Amino acid sequence: MQNIQAAVLRRKGRPLKIEPLEMEGPRDDEVLVRIVATGICRTDIDIIDDWDEASQPVVLGHEGAGVVEQVGRKVKSVKCRDHVVLSYQSCGRCRKCRKERPMDCNRFWDANFGFQRLDGSNALQKSGVRGHFFGQSSFSTHSLATERNLVKVSKVLPLEVLAPLGCGMQTGAGTVMNSLRVPAGSAIAVFGTGSVGLAAIMAARIVGANPIIGVDINPMRLQLAQELGATHTIDNRQGEVAAGIAAITGSGVDYVMEITGEPEMFELAVEVLNPNGTVAIFSGASAPGSLPGGRKAYSIIEGDAVPQRFIPKLISLYRAGRFPFDRRIKYYGFSEINAAIADAKRGDTIKPVLRVSEQ
Ligand SMILES: [Zn+2]
Ligand SMILES: [Zn+2]
C-alpha cells in the first residue's frame, strides 16, 4: 500500500478536493509512477461537469508525467528512476492492439473510462474511490500505469513541459500527421484553436499545408494561432466564416478539424469543404462517414497515434524548434487545481499544467 494524495471528484461541477488515499502497490504488469506534473485536458473538465453523483467518487487526470518508483516483475521496458510520459490505455490483447492500433482497441472505453483495471479491480478500493482513468488517474502524487500507456523519455527535458504530450498534443498533431495525412499544399481550417487546435496548426505547418486557417471566438487564441503557424485567422464572433474561407481559398478547404463540438460548426465545416474533402471531429460521437460530393467525416481518437512512437517524434520536433507546444502552458501548484480548471473553462489558460512534485 502507498499513501498518496489525490484530487477527488465527489460532486458534479464542484471543486475537486485533495485527499489522502491508500493505493495498492504495483501488480506484476504495472509501474508505480511518482507524478511530477500533469496537464488538464478538456475531457477531465467535461467529466466534472457531467458527473453522475450516484457513482463512486473518482480521480481524474490523463496527462501525467513523472518518475518510475517501482516496477512489477513482468515489466521490461522501464526501471526505477526512469522518466515517463503517460498516455491512453489499451488492452494489449485484442486484434487491433496486436496490429498496433491501440487507439481502436476493442476495450478502449473500459480501459480509459471504466475507472478500474480491465479485470474489474481497483487499486484505490480501500479508500472507497475509483482510479485507473486512462490507466493513470494522474491528478495524484502517484499513478499506476502499464507498459502500454507509458512512454520512456529523456531526462534532459523537464517533465512539466512534456506532460501535455500524452493526450492533447498527440491528438491535435496526430490528426494532421496520422489520421488525415494532410499532404503539402492542402488547404486546412481548424475550428477551435485551443490546445488541440493549436497542436494541429503547428503540425499543419510542419507538413506544409497552405493555407492554414484558424477559426475561434477568442482573440488571444487567434493571435497565438497566427504565431504558431496559421496563415489566416477568422474571428467567428463576426460570423462570416464561410465567406472568409471562400475569400482566402477561392473555393473551400480540403480538410477541416472541427474541435468545438457545436452542431452548427459541423454543418459549417461541411459547407466549406471542397469535394472529396474530409472533416475530422473529436466529440467521441460516431461521424457519418461519407457525405455528398465524395466528402467524408471521421471521428478521431487520440490522433491515431501509437504513443510509444508518436510522442518521441513530437519531442524531437519540439527540440528542433518546430513544435513549440510549451508556449501555451501555464503552470499551477497541485493545490491550485480548481483555479486551473476555472481558468481553462474561461479560456484564459490554453493548457494548464499542475506541478505535483519536484522533478
Ligand atoms: Zn485492445
Ligand atoms: Zn485528453
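Since the model is a prediction, treat every value here as computed from it, not as a measurement.

Per the secondary structure count, the chain includes eleven helices and 17 strands. Whereas a compact globule of 359 residues would reach a radius of gyration of roughly 21 Å, the chain reaches 20 Å, a difference of no more than 12%. Counting only C-alpha atoms, the chain reaches 65 × 40 × 40 Å along its principal axes. A fraction of 65% describes how many contacts in the chain between residues 6 or more apart in sequence connect residues 24 or more apart. Taken as a whole, the chain presents about 14,900 Å² of accessible surface, with 48% of it coming from carbon and sulfur. Separation between the mean location of the 43 positive side-chain charges and that of the 38 negative ones in the chain comes to 7 Å.

For the rest of this paragraph, the subject is a negative patch on the surface. Together, Glu-262, Glu-264, Glu-267 and Glu-271 give the surface a local cluster of negative charge. With respect to the element layout, Glu-267 can be found in helix α9 (residues 263-272).

Glancing now at the coordination of the zinc ion (ligand 1). Reference values for angles at a metal are 109.5 degrees in the four-donor tetrahedral case and 90 or 180 degrees in the six-donor octahedral case. Taken together, Cys-91 (SG), Cys-94 (SG), Cys-97 (SG) and Cys-105 (SG) make up the full set of protein donors to the zinc ion (ligand 1), lying 2.3 to 2.4 Å away. Read from N- to C-terminus, the donor residues coordinating the zinc ion (ligand 1) fall into the pattern C-x2-C-x2-C-x7-C. Across the pair, Cys-94 and Cys-91 agree in class, each one buried.

Packed helices, taken two at a time, are described by the angle between their axes plus the distance between the axes. Two numbers describe how helix α5 (residues 168-179) lies on helix α6 (residues 195-207): the axes approach to 7 Å, and their chain directions differ by 40°. Here α5 lies oblique to α6, going by the angle between them. Here α5 runs over α6; the crossing is right-handed. Here α5 contributes Gly-168, Met-169, Thr-171, Gly-172, Ala-173, Val-176 and Met-177 to the contact with α6, which in turn contributes Ser-195, Val-196, Ala-199, Ala-200, Ala-203, Ala-204, Ile-206 and Val-207. The residue makeup of the contact of α5 with α6, split by class, is eleven nonpolar, four polar and no charged.

With that settled, consider the packing of helix α1 (residues 42-50) against helix α11 (residues 337-346). Remark: α1 packs on α11, axes separated minimally by 11 Å, with the N-to-C direction vectors making an angle of 100°. One finds that α1 runs roughly perpendicular with respect to α11. Contact residues: α1 offers Ile-45, Ile-48 and Asp-49, while α11 offers Ile-341, Ala-344 and Lys-345. Partitioning the contact of α1 with α11 into residue classes produces four nonpolar, no polar and two charged.

Time to look at the coordination of the zinc ion (ligand 2). The protein atoms donating to the zinc ion (ligand 2) are Cys-41 (SG), His-62 (NE2) and Cys-167 (SG), with metal-donor distances spanning 2.1 to 2.2 Å. Along the chain, the residues donating to the zinc ion (ligand 2) are arranged with the sequence spacing C-x20-H-x104-C. Of this pair, His-62 sits in the loop between β4 (58-59) and β5 (64-71) while Cys-167 is found in the loop between α4 (159-162) and α5, placing the two residues 105 residues apart along the sequence. Each member of the pair His-62 and Cys-167 is classed as buried.

Before going further, it helps to spend a moment on the sheet that holds strand β2 (residues 17-23). The strand order across the open sheet formed by three strands is β2-β1-β4, and the pairing between neighbours is antiparallel. The open sheet has two edge strands, β2 and β4, and neither has a second partner. Both strand β1 (residues 2-9) and β2 contribute to a ladder of seven bridges, which runs antiparallel. Within the sheet, the bridge partner assigned to Ala-6 lies in β2 and is Glu-19.

Turning our attention to the packing of aromatic side chains. All told, the structure shown has nine aromatic pairs when counted by the stated rule. Seen in terms of ring centroids, Trp-51 and Phe-115 are 6.0 Å apart; in terms of plane orientation they differ by 80°. Their pairing is edge-to-face. Here Phe-115 lies in the loop between α3 (108-113) and β7 (142-146) and Trp-51 lies in the loop between α1 and β4, a separation of 64 residues in the sequence. Looking at Phe-115, the relative accessible area reads 7%, which means it is buried. Geometrically, the ring pair formed by Tyr-318 and Phe-325 is tilted, given 5.0 Å between the ring centres and 55° between the ring planes. By the burial criterion, Tyr-318 is buried, and Phe-325 matches it. These aromatic residues form a ring-pair network of at least three members: Trp-51, Trp-109, Phe-113, Phe-115, Phe-133 and Phe-134. Looking at Arg-355, its charged tip hangs above the ring of Tyr-331, at a distance of 4.3 Å from the centre.

For the coordinates displayed, the defined rule picks out 24 salt bridges. Across the pair Asp-119 and Arg-27 runs a salt bridge, and its minimum N-O distance is 2.9 Å. Highlighted residues: Asp-119 in the loop between α3 and β7 and Arg-27 in the loop between β2 and β3 (30-39), separated in sequence by 92 residues. Here the salt bridges do not stand alone but share partners, grouping Glu-24, Arg-27, Glu-30, Arg-117 and Asp-119 into one network.

With that settled, consider the pairing of strand β9 (residues 188-191). Going residue by residue along β9, you find Ile-188 and Val-190 tucked away on one face and Ala-189 and Phe-191 tucked away on the opposite face as well. Sheet topology note: the β9/strand β10 (residues 212-216) ladder contains four bridges and is parallel. What sits directly across from Phe-191, in β10, is Val-215. What joins β9 to β10 is α6, and the crossover it makes is right-handed. Of the strand pairs in this sheet, β9 and strand β12 (residues 253-258) are connected by four bridges, and their pairing is parallel. Its bridge partner being in β12, Ala-189 is matched across the sheet by Val-256.

Calculation rules
- Residues numbered from 1 in each chain as written.
- Chains lettered and ligands numbered in written order.
- Predicted model: local features only at pLDDT ≥ 70, side-chain atom pairs only at ≥ 80, totals over all residues.
- Heavy atoms only, no water.
- Helix = DSSP H or I, 4+ residues; strand = E, 2+ residues; numbered from the N terminus.
- Rg over C-alpha atoms; globule rule 2.2 N^0.38 Å.
- Contact = heavy atoms within 4.5 Å.
- Areas by Shrake-Rupley, 256 points an atom, 1.4 Å probe, with all protein chains shown as cover.
- Lys, Arg positive; Asp, Glu negative; His and termini not counted.
- Charge placed at Lys NZ, Arg CZ, Asp CG, Glu CD.
- Patch = residues over 30% accessible without salt bridge, like charges linked within 9 Å, V, L, I, M, F, W, Y side chains within 5 Å.
- Salt bridge = Lys/Arg side-chain N within 4 Å of Asp/Glu carboxyl O.
- Donors = N, O, S within 2.8 Å, 3.2 Å for Na, K, Ca; no water.
- Buried < 20%, exposed > 50% of the residue type's maximum accessible area, 1.4 Å probe, protein only.
- Axes fitted to C-alpha atoms, helices over the stretch in contact; angles between N-to-C directions.
- Parallel < 35°, antiparallel > 145°, perpendicular 65-115°, else oblique.
- Left-handed = near helix turned anticlockwise from the far one by under 90°.
- Nonpolar A, V, L, I, M, F, W, Y, C, P; charged D, E, K, R; others polar.
- Pairing = 2+ DSSP bridges.
- Phe/Tyr/Trp six-rings, centres within 6.5 Å; stacked < 30°, edge-to-face > 60°.
- Lys NZ or Arg CZ within 6 Å of the ring centre and 35° of its normal.
- Right-handed = clockwise from strand over helix to strand, strands pointing away.

Structural measurements only, silent on function.
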